[in-house]
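Geometric and topological summary
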Amino acid sequence: METPIPDYLAEVLAACAADASGAVADYIPELAQVEPEQLGVVLATVDGAVYEAGDCDAGFTIQSISKPFVYALALQQRGLDAVLDQVDVEPSGEAFNELSLEKGSGRPLNPMINAGAIVVHTMVGDAGDPQARCEQVLAGLSAFAGRPLGVDEAAYASESETAFRNYAIANMLRSRDSIVEDPEDVVAAYTRQCSVRVTTRDLALMAATLANGGVHPLSEERVVEEWVARQVMSVMATCGMYDSAGDWISTVGFPAKSGVSGGIIGALPGQLGIAAFSPRLDPHGSSVRGVEVCRRLSADMGLHMMDPPQPARSTIRRTHTVQYVDGSAAMVFALHGSLQFAGAERLVRDLADADTDGALSDAVVLDLTRVHSINEAARRMLLETVRRLHLEDIRVTLVDPETTLPDPDCGDGIRPAVVGTVAEAAALGNS
């Protein structure tokens, strides 16, 4: 059995593909030449499953999506107090490239706008060595991605020729001693940071590393400490989408960051990382179709972080085998807790893995006795899974004494048997 998640992602892309509004970032010559129709999405769970659809392997420059990860590197090296002393964490309500500082303290308002990101960049590594700093930043971004990354030299050269706004910001910062190095050297190094080449898959795994408390889901390498990941996601939630941050967090509802090359990331603590890519931008500098993809994912999968409850433990309490009265056997998956997307995804994946490994017999029992709630995303996933198992001639019985999953209609005339106990499931036989 194949998991339905890639099919769902493809449906989301198809629904969003018709929107041709917005425009590529033509103020950077290299970005003005990109293919505007590219569209991809990737989900990466905190335990290492990766689901993708569309142009997920297309390469593009990371741009401002580098900001939360370099902020994480600075926090890891310098500590929270030292970084807060230089860069605040308040939403600016202004465009990402605004020439503005906090009244009184003179600090940049947050690390997600260019002024704050430039200061944060100088806090990685040793002062006065831009080349070594660039190497450390690249190594850190590579650790988040779980593979070696490189700089797109053509994009770097193109962006360097038009970085006038960032030069102005850097000179403003130098005049206030927020940075102490030569502004041109700082901007050159910061531009290299933004010119690192990534894919949508890279970004999803980078976001999943934050969601996993700083541990990469595949390599299991600890990239940053848990408190660093929490701090970064907190600032992403309030500042990551610039002057549309309030609308984003109230409607989409998870920490996010966008970049002018068309990428967007989202991080669901304890659950998954999301990345979308499409080059045309809205007036805020975020991908038009990428934003819509994230809106749909949030609405369909119940990903708004203010939607309670969060699953606290693994959904699968235990698995065992039950003997039917006719001598056949069924694998029982005993579930518990609140079933949301992450828990349902894990169940579906375990079923798919068992099917692939030949561990499933011709019958499965899903025991919902200790499940106290199932959200709509998990409900749809369960019913689709039952349908797909049925098409492979694997019979599914639900143990659901409290009717936690009402009206288990899987479509195509498929409805699983519903009983009150596992013993009653065994008594049905495998007819």
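Throughout this description, residue numbers start from 1 for each chain and increase along the sequence as written. Reporting in this predicted model follows two pLDDT cut-offs: at least 70 for local features of residues, and 80 or more for side-chain atom pairs to be given and counted; totals over whole chains, interfaces and linings ignore these cut-offs and use all residues. Excluded from the side-chain calculations are hydrogens and water; all other atoms, namely the structure's heavy atoms, are used.

Some details on the sheet that holds strand β12 (residues 395-399)
Here, a strand pair is defined by DSSP locating no fewer than two bridges between the strands. Runs of H or I in DSSP of at least four residues are treated as helices and runs of E of at least two as strands, each being numbered from the N terminus. One open sheet holds the five strands; their spatial order is β9-β10-β11-β12-β13, and the pairing between them is mixed. Both outer strands of the open sheet, β9 (316-323) and β13 (417-419), are each paired with one neighbouring strand and no more. Sheet twist, expressed as the mean angle between neighbouring strand axes with direction ignored, is 25 degrees. One ladder, built from three bridges, connects β12 with β13; its direction is parallel. Looking at the pairing, Thr 397 lines up with Ala 417 of β13. We call two residues in contact when some of their heavy atoms are within 4.5 Å. Angles run from 0 to 180 degrees between N-to-C directions of axes, and those axes are lines fitted to C-alpha atoms, restricted for helices to the stretch in contact. Packed on one face of the sheet, helix α14 (residues 341-356) meets β9, β10 (329-339) and β11 (363-374) and runs near 165 degrees to β10.

Side note on the environment of Ala 417
Structurally, Ala 417 is set in strand β13. For the pair Ala 417 and Leu 398, spaced 19 residues apart in sequence, the C-alpha to C-alpha distance is 6.1 Å. Setting aside chain neighbours within four positions, we find Ala 417 in contact with Arg 395, Val 396, Thr 397, Leu 398 and Leu 428.

Comments concerning the state of the cysteines
When the sulfur atoms of two cysteines come within 2.5 Å, that pair is taken as a disulfide. A complete count under the given rule lists zero disulfides for this structure. Free cysteine Cys 16: the closest other cysteine sulfur is in Cys 294, separated by 9.3 Å. Since its relative accessible area comes to 4%, Cys 16 is described here as buried. Take Cys 294: its relative accessible area is 0%, and that puts it in the buried class. Throughout, exposure labels follow a simple rule: accessible area from a 1.4 Å probe, protein chains only, divided by the maximum for the residue type, with under 20% read as buried, over 50% as exposed, and the rest as partly exposed.

Section: the pairing of strand β1 (residues 40-45)
Every other side chain in a regular strand lies on the same face of the sheet, so the side chains alternate between the two faces. The buried count for β1 comes to six of six residues, which makes it a mostly enclosed element. In β1, alternate side chains face the same way, and those of Gly 40, Val 42 and Ala 44 on one face and Val 41, Leu 43 and Thr 45 on the other are all buried. Where β1 meets strand β2 (residues 50-54), five bridges bridge the pair, whose relative direction is antiparallel. Bridge assignment links Val 42 to a residue of β2, and that residue is Glu 52. Between β1 and β2, which pair antiparallel in sequence order, lie four residues; one of them, Gly 48, sits at a positive phi of approximately 100 degrees. Here six bridges tie β1 to strand β8 (residues 272-277), and the two strands are oriented antiparallel to one another. Considered in β8, the bridge of Gly 40 is made with Phe 277.

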